[in-house]
Each structure stands twice: as C-alpha cells, then as structure tokens.
Amino acid sequence: MQIDISADGNERKTADATPHAASLIQSLRDIGYSCETALADIIDNSITAGAENIEILSDTASAEPALGILDDGSGMSLSELVEAMRPGSRNPLAPRADHDLGRFGLGLKSASFSQCKRLTVVSRQNGTLAGATWDLDEVARTNRWDIELHDVADEIPWASRLQDNGTLVIWRSMDRLSGGLDHDHSKRAEHVNRAIASAERHIRLVFHRFMSEGRSPLVIRLNGRRLEPIDPFGTKFSTHQADRPDSLDLKNGSVAFQCFTLPHHKSISKADWEDMGGPEGHLRSQGFYVYRGRRLIIAGSWLGLARQTELTKLCRIRVDIPNTMDADWKIDVKKASAQLPPAVRERMRLLVERLTQTSKRTYQRRGQRLVDNDYMPIWQRIQKDGAIVYRPDPAHPVFADFSARLPVDLQSDFANLIGLIGSSVPIASLHSDFAGSAEELVADDVDVEALRQMAEAMVPRLVAQGTDTDRILDILKQVDPFQSAWPSSKPIIEEVISKEIPDA
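One structure accompanies this document, and this report is about it.

Definitions and cut-offs
Residues numbered from 1 in each chain as written. Predicted model: local features only at pLDDT ≥ 70, side-chain atom pairs only at ≥ 80, totals over all residues. Heavy atoms only, no water. Patch = residues over 30% accessible without salt bridge, like charges linked within 9 Å, V, L, I, M, F, W, Y side chains within 5 Å. Areas by Shrake-Rupley, 256 points an atom, 1.4 Å probe, with all protein chains shown as cover. Salt bridge = Lys/Arg side-chain N within 4 Å of Asp/Glu carboxyl O. Helix = DSSP H or I, 4+ residues; strand = E, 2+ residues; numbered from the N terminus. Axes fitted to C-alpha atoms, helices over the stretch in contact; angles between N-to-C directions. Left-handed = near helix turned anticlockwise from the far one by under 90°. Contact = heavy atoms within 4.5 Å. Nonpolar A, V, L, I, M, F, W, Y, C, P; charged D, E, K, R; others polar. Core = buried A, V, L, I, M, F, W, Y, C linked by side-chain atoms within 4.5 Å. Buried < 20%, exposed > 50% of the residue type's maximum accessible area, 1.4 Å probe, protein only. Pairing = 2+ DSSP bridges. Arc of directions from axis to C-beta.

**Thoughts on a nonpolar patch on the surface**
The grouping of W379, I388, Y390 and I421 at the surface amounts to a nonpolar patch, some 350 Å² of accessible area in total. Along the chain, the position of W379 falls in strand β17 (residues 379-384).

**Section: the packing of helix α16 (residues 469-477) against helix α17 (residues 486-500)**
The contact between α16 and α17 brings their axes to 11 Å, and the two run at 145 degrees. Where α16 crosses over α17, the handedness of that crossing is right-handed. Residues T469, I472, L473, L476 and K477 of α16 pack against W486, K490, I493, E494 and I497 of α17. Residues of the contact of α16 with α17, tallied by class, amount to 6 nonpolar, 1 polar and 3 charged.

**Topic: the nonpolar core**
Ranked by size, the top nonpolar core spans 57 residues in total, and within it L67, L119, W171, F207 and I220 carry the most contacts. Those residues in contact with F207, other than ones at most four positions away along the chain, are A40, I43, D44, I47, I220 and R295. Listed in part, the 25 residues of the second largest apolar core include V479, A485, I492 and I493.

**Topic: the sheet that holds strand β5 (residues 118-125)**
Strand order in the open sheet formed by 8 strands is β7-β6-β5-β8-β4-β3-β9-β10, and the pairing between neighbours is mixed. Two strands close off the open sheet at either side, each with one partner strand: β7 (148-150) and β10 (225-226). Pairing between strand β9 (residues 219-222) and β10: 2 bridges, direction antiparallel. Among the inter-strand pairings, R221 is bridged to a residue of β10, identified as R226. Contacts from helix α2 (residues 35-48) reach β3 (53-59), β4 (66-71), β8 (166-172) and β9 within the one sheet, and its direction differs from that of β4 by about 25 degrees. Where helix α6 (residues 185-206) meets the sheet, it contacts β3, β4, β9 and β10, and its direction lies at approximately 165 degrees from that of β9.

**A word on helix α8 (residues 270-277)**
Turning to α8, its buried residues number three or more, namely W273, M276 and G277. All buried residues of α8 fall inside an arc of 95 degrees around its axis, so they share one side. One or two positions beyond α8, positive phi appears at G278, with a value near 75 degrees.

Right, dumping it as structure tokens:
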C-alpha cells in the first residue's frame, strides 16, 4: 500500500492491482474466437499496414505444425513490434485513421492465443528485422509479462519470405486449433486442414470489397492459391437490382445504406448461386450486411426487423459505418457482431419494408404465368374461403381432348382422377422443401410422346383463335413442360403447326 495526493489535493491510499500474467493471459484465450474470425483479425492488421498481398501458409504434417500469415505491408520497428505485442496496446477511445481496422489493441494477441500457445511475429521495416514471441507455457511458469526477442529469424518458419517491408505472424503449439489431437498426427493434420478450409469462405466474404475494389485490389492467397472474393450482392450479374445509395448523418459519423436484390436463381449458373448462398443457403443469408471500413462485421441478419422467408431471400442491404461509431454500434473485440443504435433502427425498418417488396415481386413475376389464362396453364390458382388452392384445370385442352376420346362411362371417372390429383398436392412437403432450398425443386422430366400429346391438344386451340405461327411458338415456349424441355419441344410443336396450317 502507498499514499499519494489526488488531483483535488486530498490524500489517497492506493495498492498495486497489476493483473497476474498467468491468469489474465489465459482469459484472453476464451473471448470466443473461431479459427475463421481469428484469421480475419490478423488480416485486419495487414490491411491497416497497407498490405497489397497477404499469404496464409500452413504446415500441418510436421511434428510441430504451424500456420503463418505473411504480408507486404509497412512492417514494424522493434519498438513498434514490442508495443504491438502488448495486450491492450491501443485505447479503443483513441482517434484512429479512417482505414484502421483495429479497435482494442487486443486482436493480434487474443485472436492468436485463442488458437495457439506460441505466437511469433517477425517484421521487417526498410530491411531491418525485428522479432518477438509470446510463449504461454513460459508465462504460466514465470507469471511475468515477458516476450522473447529475436535478432535473427533463421529458425522461424517462412521468415525467409519476408520482403524489405512486411510482417509475418506464426502460430505454433496450436493446442486449440488442433482439437486436442496432438497424440495422433494424421488426425491432427486433418482437423487443422478442415478448419483452414472452413475459414477460406469466411475470408473471401469478409474482405471481398478489399479484394475487388480500387486500382490495386488486395490479393489473398492460401498456400499459393489465390482466393476469389464472394460478393453477397451479386453485382457482377446483370440481372441484380440495386437501389440508389442513401445515408443518415449522426453525431459520430454517417451511416450509408444501399439495397440490393439478387438475381433469380434461374438467371445465373448453379455454381454461382451456391457460392453466393454458402453452406447455409440463401434463406439464412438474407438481410443486412454491415461493414466497418469496408470490412464485413455482420453477414445476413435482419437484426430483429423482419423474418427470414422464402419470398425475401433475395434481399440484401449493405450498411457502411465508420470506425468512429464503434461505441454506438457496440462492436465487439472479434469484430464479429454489432447492435443497432436506436437512431438507425427506424431508417433501417423503412429500407426493409421497401426491399422485401422488390424481392417478392422478383419471385411473383416468375409465378405470374401460372394464373395467366392466355397461356392455358394446366394448374389453376383459386382463392377459396380465404385460402389459396391449386388444382388441375379439367378444361385444359390436353385433359379435355383425352376425356372426349374416352367412353362416356369413363369420362366421369377421369374427371374424378383429375380432382384427386389436385386434392393430393403434398402442401406440407412442398412448404418444407421451399423453406429449405427452393432452387433444388425441379419439375420431373417428360418424354417425347407426352410432349407430342400436349402439343396436339394445344396447337389446334391456338390456331382456332387466329394465333399466328410465331405467336404460337412464343406462347408455348412459356408453358411447362415445353419451357423446361424447349430443345425437344420446339420441333414437335413446329411439326404439329405444319399439319394444322399447311402453308405455315
């Protein structure tokens, strides 16, 4: 205990409350990082340092596996490196440059400690090397906040790849990342590789704007393979829809908004559609995408302002906030979550209402043909007692013609069969499948004879209505099953037309 004089001139008793190194540094391991959020936090530092190239390197097969993140940023001097290795090296309230992705001065340490017990950082600035290592086993033994300094880096993995300016972060003794499988090298390697592979998509999404925007987009490689950005708004596809940008000026900065509607899945390739949606699919990835300094913080959540539905799964709203609003948005240490400030909530609610209507129209336009009588739909959509009922249309030419060829005593039985099909539509199963992955629902294949039978029923009706040849083809091209099998359907329809209109 000691006695000192406070600012108001009064005596004040104080005692040393310096935290125990061994205890606190272990607590830093359990902030809640995953492998993917930990790697993203290290990449943040590289981007802040002005890196144009970042490499993620792994050695999972050796006796002492390691993972490295190498960049060509500005590098650090020895004094800067020592400060960077200090837990809590920056006050989160201190002003930061606009491009600074840091916040608490904890990311490098807490992210690394969440995955490993031995963190080494080697940096070069103007050709001069500096290196330091945190060894948590040594901290536990000594209970001291000591790091080991390195004058040379001959024994440090990948250090020879450092340029005149740049930084290399290495994780070793990866007890957390290896899943406790150190006794089985092959299973440990498999577990670490799986974690790195899972992190790949996260990195492609979180940093997609750095990787695709500007004169010199950021290049990120994983073991030599260049990663391609994932744009969650589908802006590279001509069929996407984008509203005009909007903004809201607040005390600590300006919040920018822009609404997007993804292309319908039928207008792009299946691979592109699945890449945008990710492993959880588009139903789970709709909603707000919140960026702090172009770095993704929240990916796909309505933040309590709407429900995830099948008809709104094409909706995306990009929200950009500056790092001056961290406290307002309650950005966490991992930069993986945030909370809506009250002043922003109402504006975002209005955006949700407008955008969800756009997404619904995108689906409903494709469904409009179902109730368009000009196209003679097989299925009728009927409003009945406040509910929507789908039933086959017994007056459709293909059914009516077939019924007319039946003996009179079988015609009523045939009508009953048609009605039975309508009343047996598996609504619950369809709803479940649509809620899970609507784009995987497809119509069954139809054979050539069935196409011919339908064409021979529909073409004469259209001819009798005075429809010309080109218009007949245009109409039937929009009708299933012709639409989904058009290469096979077109010659059959043309053949039937030629019989009905010999001079066509």
